[in-house]
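# Survey of secondary and tertiary structure
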Amino acid sequence: MLQITKHTSIAIDEISITAIRSQGAGGQNVNKVSTAIHLRFDINASSLSPIYKERLLNLSDRRITKEGIIIIKAQQHRTQDQNKEDALKRLQLLIQSVTITPTKRKPTKPSRSAQTRRIDDKTKRGAIKALRGNITE
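Per chain, residues are indexed from 1 in the order of the written sequence. Totals for whole chains, interfaces and linings use all residues, but because this is a predicted model, local features are given only for residues with pLDDT of at least 70 and pairs of side-chain atoms are given and counted only at 80 or more. Hydrogens and waters are ignored; side-chain quantities use all the structure's heavy atoms.

If you check an unreviewed UniProt entry, the protein appears there as Alternative ribosome rescue aminoacyl-tRNA hydrolase ArfB from Pseudanabaena galeata UHCC 0370. UniProt positions are given in the numbering used here, feature names are shortened, and annotations may be inferred rather than shown by experiment. UniProt's Sequence similarities (unreviewed entry) comment on the protein is quoted here verbatim: "Belongs to the prokaryotic/mitochondrial release factor family."

Structure below.
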């Protein structure tokens, strides 16, 4: 189980993990050993609550496809186990980011004194700019 919050967790069998070859330099070993991890998580088919699913699908994250599948590629570390751990941690952080409920914004108005100060400042500034004009005799 991948623990997201106190009350939310994901079963490991909902996450598809495959080992692939890493990119980049690495000598002969890079051509023989599949150390990179390709993680796929289907949001729509998961056991997450509908609220979290909706928030995940509304995220503008390049790791989420149009079909609602999270794809994470981990190849930072030299071992497959470390990359797997890294990919699962990144998935966990992504899902945790939508579990926090955003607070509602309370619309406020500027005070009357702030409004008058603003208008006075605009008037003074306009007067200064008016003095910059050409002098006609």
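### Let's talk about the overall build of the protein
Along its length, the protein carries 4 helices and 5 strands. For the protein, whose C-alpha radius of gyration is 27 Å, the value lies well above the compact-globule estimate of 14 Å for 137 residues. For the protein, the spread of C-alpha atoms along the principal axes amounts to about 90 × 45 × 25 Å. Within the protein, the proportion of its 137 residues that are buried is 25%. Partitioning the intrachain contacts of the protein with sequence separation of at least 6 by distance along the chain shows that 56% fall at a separation of at least 24. Here, Shrake-Rupley sampling with a 1.4 Å probe gives the accessible areas, and only protein chains in the shown set may cover a residue. When the accessible surface of the protein is summed, it comes to about 10,700 Å², and 50% of that surface belongs to carbon and sulfur atoms. Residues counted as positive are Lys and Arg, residues counted as negative are Asp and Glu, and His and the chain ends are not counted. For this purpose, a charge sits on NZ of Lys, CZ of Arg, CG of Asp or CD of Glu. Charge centroids of the protein, computed over 26 positive and 12 negative side chains, lie 6 Å from each other. Every helix listed is a DSSP run of H or I at least four residues long, and every strand listed is a run of E at least two residues long, numbered separately from the N terminus. Radius of gyration here uses only the C-alpha atoms, and the compact-globule reference equals 2.2 Å multiplied by the residue count raised to the power 0.38. The rule is simple: take the accessible area with a 1.4 Å probe, protein chains only, and divide by the maximum for that residue type; under 20% is buried, over 50% is exposed, in between is partly exposed. Working rule for contacts: check all heavy atoms of both residues, and any pair within 4.5 Å makes them a contact.

### Overview of the sheet that holds strand β3 (residues 15-20)
Ordered in space as β3-β4-β5, the 3 strands form an open sheet in which the pairing is antiparallel. The open sheet has two edge strands with one neighbour each: β3 and β5 (69-74). Between one strand axis and the next, the sheet turns by 15° as a mean value, whatever way the strands run. Pairing between strands requires that DSSP locate at least two bridges from one strand to the other. Sheet topology note: the strand β4 (residues 36-42)/β5 ladder contains 6 bridges and is antiparallel. When the sheet's bridge partners are listed, aspartate 42 is paired in β5 with isoleucine 69. The angle between two axes is taken between their N-to-C directions and runs from 0 to 180 degrees, where each axis is a line fitted to C-alpha atoms and a helix contributes only its stretch in contact.

### Regarding the nonpolar core
For this analysis, a nonpolar core means a set of buried residues of the types Ala, Val, Leu, Ile, Met, Phe, Trp, Tyr and Cys, connected via side-chain atoms within 4.5 Å. Formed by 21 residues in total, the largest nonpolar core has its most connected members in Ile10, Ile15, Phe41, Leu56, Ile70, Leu91 and Ile95. If you list the elements that add at least two residues to this core, you get β4, α2 (50-58), β5 and α3 (80-99). When residues of this core are assigned to their parent elements, the largest contribution, 6 residues, is made by α3. Once you skip the residues sitting within four places of it in the chain, leucine 56 turns out to touch Ile43, Leu48, Ile64, Ile70, Leu94, Ile95 and Val98.

### Focus: the pattern of salt bridges
Working definition: two side chains of opposite charge can pair if their charged atoms are close together. Should a side-chain nitrogen of Lys or Arg be within 4 Å of a carboxyl oxygen of Asp or Glu, the pair is scored as a salt bridge. Evaluated as defined, the whole model comprises 1 salt bridge. Linking aspartate 86 and arginine 90 is a salt bridge whose minimum nitrogen-to-oxygen distance equals 3.1 Å. Of this pair, aspartate 86 and arginine 90 both sit in helix α3, separated by 4 residues, roughly a single helical turn. A relative accessible area of 25% means that arginine 90 is categorised as partly exposed.

### Brief notes about the pairing of β4
Every regular strand shows the same layout, with side chains that alternate between the two sheet faces. As defined by bridge partners, β3 adjoins β4 across 6 bridges and the pair is classed as antiparallel. Residue serine 16 lies in a different strand from β4, and its bridge partner there is arginine 40.

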